[in-house]
Amino acid sequence: MIGRRWTALGALAVAAAAILTVVPVIAHHSSAPFYDSTKTVEAQGTVTKFLFKNPHSFLYFDADENGKKVEWQIELGAAGGLTRTGWTPDTLKPGTLIKVSGRPSRAEGSHGMCCAKITRPDGTPIVTGGRVTEEQQPPR
Amino acid sequence: MRNFTRRATGRTWGWAAVAVMAIALSPSRPGIQAQAPAQTPPAANAARPNQIPDLAGIWDGTTRARPVNSERIPWGKDNFPELNERALAYQKVFDEALSPKYDCQPASSPAIQYDPYSMEVTQWPDRVLLRYEKDDQLRTVWLNDRKPTIYDWSIQGFSVGRYENGALLVDTDHFVFDITGFDDYNGIPSSQLKKVHERYWREGTELKVTVTVEDEMFLKKPASYTARWLPQRPGYKLDAWDCDPEAARAAVKMMPPKYK
């Protein structure tokens, strides 16, 4: 019984972490013309650049696709919004291995995602403890 | 024992589901309207009829206060503007890629009031200053019968205001043409004939506004929405926006081009 309860709590932790690592895209443009909300893609690779900026942040990483190197561009929320959830410009340093799933970009031949869930390759969250609340926001 | 185990496991799953839902619906998640944490303002902040309302402070317009803006918010089925033929023609040929926001041009009224960021209000005897965290914009509302000059045409226009019945009334004109000057989502332009009327008032701890826009070049009749802000937490300072041109335009290449 105890084992089952721990299994349940473990599942809760995994579910919460999954929610907590979904990065918000907020209020600058609609995602619909850019990304297909009916599909999900997943990729894994090494961070090359983290543009922690307004109006939207962008994460770039290289992934292997059938033996060819592909650069992915992941659209994230505004730097201001990410800061409120515990992210900093150093959260994703070049060289960090990540796994990303999200809505794929619509443009032919492009490799982009939005509304992404970003974790380490083993599925653990990028930000320890997930998102923080505004009341626990780090000093500016 | 087996029944008890099943019940216990069921309870655990039940609590797990409740906890996950609580996290998923927490106020920090965009798109979800949530109640604000209690913050009691000074008694002097309460608006009184025929007196100048105390609107000063930093106000939170994020998802704590209201749903995030989108194609249907704040302009929904009940208040979506009636577009004339000219506006419909512009909307039909509109190409998202040429929207000036992808080159860091700031949002204008009536959109900037609803962007999900904070706003600081400063009340001086001859003017009210509205500073928006989004796009680093500062609007000046003149209370002293100041008249616009030919140099006052701008994205934010020229604003005059007055206090009336416990509210601040603001009238703004002298806008320049803006191909997305109505909002960020629906491809509706605004013209140099656009006029925006705002009414700000206090309701308890909240700051409320009704924004009404008229533009005979594009709208058949005025359209309006009402929104609210909540008091920001003590000590909060507005961040610099510092729009980055590379980050502003990076998304465009992910969209299939409308024109080649």
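See the structure shown above.
Residues numbered from 1 in each chain as written. Chains lettered and ligands numbered in written order. Predicted model: local features only at pLDDT ≥ 70, side-chain atom pairs only at ≥ 80, totals over all residues. Heavy atoms only, no water.

Enquirer: Requested: an account of the state of the cysteines, with residues and values cited.
Expert: Residue and element names in this part refer to chain B. Taken as a whole, this structure holds 1 disulfide over all chains when the rule is applied. The disulfide partner of Cys 104 is Cys 243, and the S-S distance across this bridge is 2.1 Å. Classification of the bridge connecting Cys 104 and Cys 243 rests on its S-S torsion, roughly -80°, and on that basis the disulfide is left-handed. Of this pair, Cys 104 sits in the loop between α2 (85-93) and β2 (118-123) while Cys 243 is found in the loop between β9 (223-231) and α3 (245-249), placing the two residues 139 residues apart along the sequence. (Disulfide = S-S within 2.5 Å. Helix = DSSP H or I, 4+ residues; strand = E, 2+ residues; numbered from the N terminus.)

Enquirer: Explain the sheet that holds β2 of chain B residue by residue, including any values.
Expert: Residue and element names in this part refer to chain B. Taken in spatial order, the 9 strands line up as β1-β2-β3-β4-β5-β6-β7-β8-β9 and close into a barrel, and their pairing is mixed. Averaged over all neighbouring strand pairs, the angle between strand axes comes to 30°, with direction disregarded. Looking at chain direction, strand β1 (residues 57-60) and β9 are connected through 2 bridges and run antiparallel. Its bridge partner being in β9, Asp 60 is matched across the sheet by Leu 230. (Pairing = 2+ DSSP bridges. Axes fitted to C-alpha atoms, helices over the stretch in contact; angles between N-to-C directions.)

Enquirer: Give me empty space enclosed by the protein: which residues, what numbers.
Expert: Residues and elements named next belong to chain B. Going through the model one piece at a time under the given rule, you end up with 5 cavities of 30 Å³ or more. By volume, the second largest cavity amounts to about 110 Å³. Taken together, 15 residues make up the lining of the second largest cavity; nearest its centre are Gln 105, Pro 106, Ala 107, Thr 180 and Asp 184. Classifying every residue of the lining of the second largest cavity gives 4 nonpolar, 6 polar and 5 charged. (1 Å grid on protein atoms, 1.4 Å probe; cavity = no way out; pocket = protein on both sides within 12 Å on 5 of 7 lines; lining within 4 Å. Points joined across faces, edges and corners; volume = space filled by probe spheres on them. Nonpolar A, V, L, I, M, F, W, Y, C, P; charged D, E, K, R; others polar.)

Enquirer: Which residues make up the pattern of salt bridges, and what are the values?
Expert: All names here are of chain B. Evaluated as defined, the whole model comprises 15 salt bridges over all chains. With a closest N to O distance of 3.3 Å, Lys 221 and Glu 82 form a salt bridge. In this pair, Lys 221 is assigned in the loop between β8 (206-214) and β9 and Glu 82 in the loop between β1 and α2, connecting sequence segments 139 residues apart. Note that Arg 228 is salt-bridged to Glu 206, the shortest N-O span being 2.6 Å. Linking Arg 228 in strand β9 with Glu 206 in strand β8, this pair joins segments that are 22 residues apart in sequence. Of the two residues, Arg 228 and Glu 206, neither departs from the other in class, the shared state being buried. Each of Asp 115, Lys 134 and Asp 135 takes part in one network of salt bridges that share partners. (Salt bridge = Lys/Arg side-chain N within 4 Å of Asp/Glu carboxyl O. Buried < 20%, exposed > 50% of the residue type's maximum accessible area, 1.4 Å probe, protein only.)

So far we have only geometry, and geometry alone does not tell us how the molecule works.
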